[in-house]
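Structural characterization, general
This is what each chain is made of:
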Amino acid sequence: QVQLVESGGALVQAGDSLTLSCAASTRTFNTYSMGWFRQSPGKGREFVAAISRFGSITNYTDSVKGRFTISRDYGRNTLYLHMNSLKSEDTAIYYCAAKGYAMGSGVDEYDYWGQGTQVTVSS
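Residues numbered from 1 in each chain as written. Predicted model: local features only at pLDDT ≥ 70, side-chain atom pairs only at ≥ 80, totals over all residues. Heavy atoms only, no water.

A few words on the pairing of strand S3 (residues 18-25). With 5 bridges connecting them, strand S1 (residues 3-7) and S3 associate as antiparallel partners. Bridge pairing in S3 places Glu6 opposite Cys22. Pairing geometry for S3 and strand S8 (residues 78-83), over 6 bridges, is antiparallel. Bridge pairing in S8 links Leu18 to Met83. (Pairing = 2+ DSSP bridges. Helix = DSSP H or I, 4+ residues; strand = E, 2+ residues; numbered from the N terminus.)

So this is what it looks like as structure tokens:
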């Protein structure tokens with residue numbers, strides 16, 4: 001079992017930067033690939049970014065490439081999402097998720113989920 005707790009969501013202006021954190025309660029953090037997803041009102045949960053178990057491979061959805069960076073800290077068992085040049089369309093609840101073995105971009109691939117943190121970007 002892995003418990004995930006997100007933090008860092010906020011109300012920001014378009015063009016601002018924000019970093020989300022996800023603390024994982026597990027002693028085997030490096031056995032899980034991790035991902036960030038988001039959900040806007042009236043829409044399904046969508047993939048944002050993923051990082052492999054050892055942090056050597058990352059993947060992003062096209063709309064955030066060049067603006068968002070996913071990273072992880074094994075000493076702190078924490079996943080991060082660094083977001084730059086935020087746009088109003090980035091407004092959503094952001095969730096972190098964990099899965100064993102290879103990283104993926106499908107919602108159904110992930111076994112553990114956090115409760116989410118709200119990011120609101122005003123224009």
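Moving on, there is more to tell.
One finds Leu4, Trp36, Leu81, Met83 and Tyr94 to be the most contacted residues of the largest nonpolar core, which totals 29 residues. Among the secondary structure elements, those contributing two or more residues to this core are S3, strand S4 (32-39), strand S5 (46-51), strand S7 (68-73), S8, strand S9 (92-100) and strand S11 (117-122). With sequence-adjacent residues up to four places away left out, Tyr94 is seen in contact with Glu6, Leu20, Trp36, Phe37, Arg38, Val48, Phe68, Leu81, Met83, Gly116, Thr117 and Val119. With 5 residues, the next largest nonpolar core counts Phe37, Phe47, Ala97 and Tyr110 among its residues. (Core = buried A, V, L, I, M, F, W, Y, C linked by side-chain atoms within 4.5 Å. Buried < 20%, exposed > 50% of the residue type's maximum accessible area, 1.4 Å probe, protein only. Contact = heavy atoms within 4.5 Å.)

Enumeration according to the criterion identifies 5 salt bridges in this entry. The residue Asp90 makes a salt bridge to Arg38 at a minimum N-O spacing of 3.0 Å. With Asp90 in the loop between S8 and S9 and Arg38 in strand S4, this pair connects stretches of sequence that are 52 residues apart. Under the relative-accessibility criterion, Arg38 is labelled buried at 5%. With a shortest N-O distance of 3.0 Å, Asp62 and Lys65 are connected by a salt bridge. Accessibility expressed as a relative area gives 61% for Asp62, which makes it exposed. (Salt bridge = Lys/Arg side-chain N within 4 Å of Asp/Glu carboxyl O.)

Purely spatial values, then, with no claim about function.
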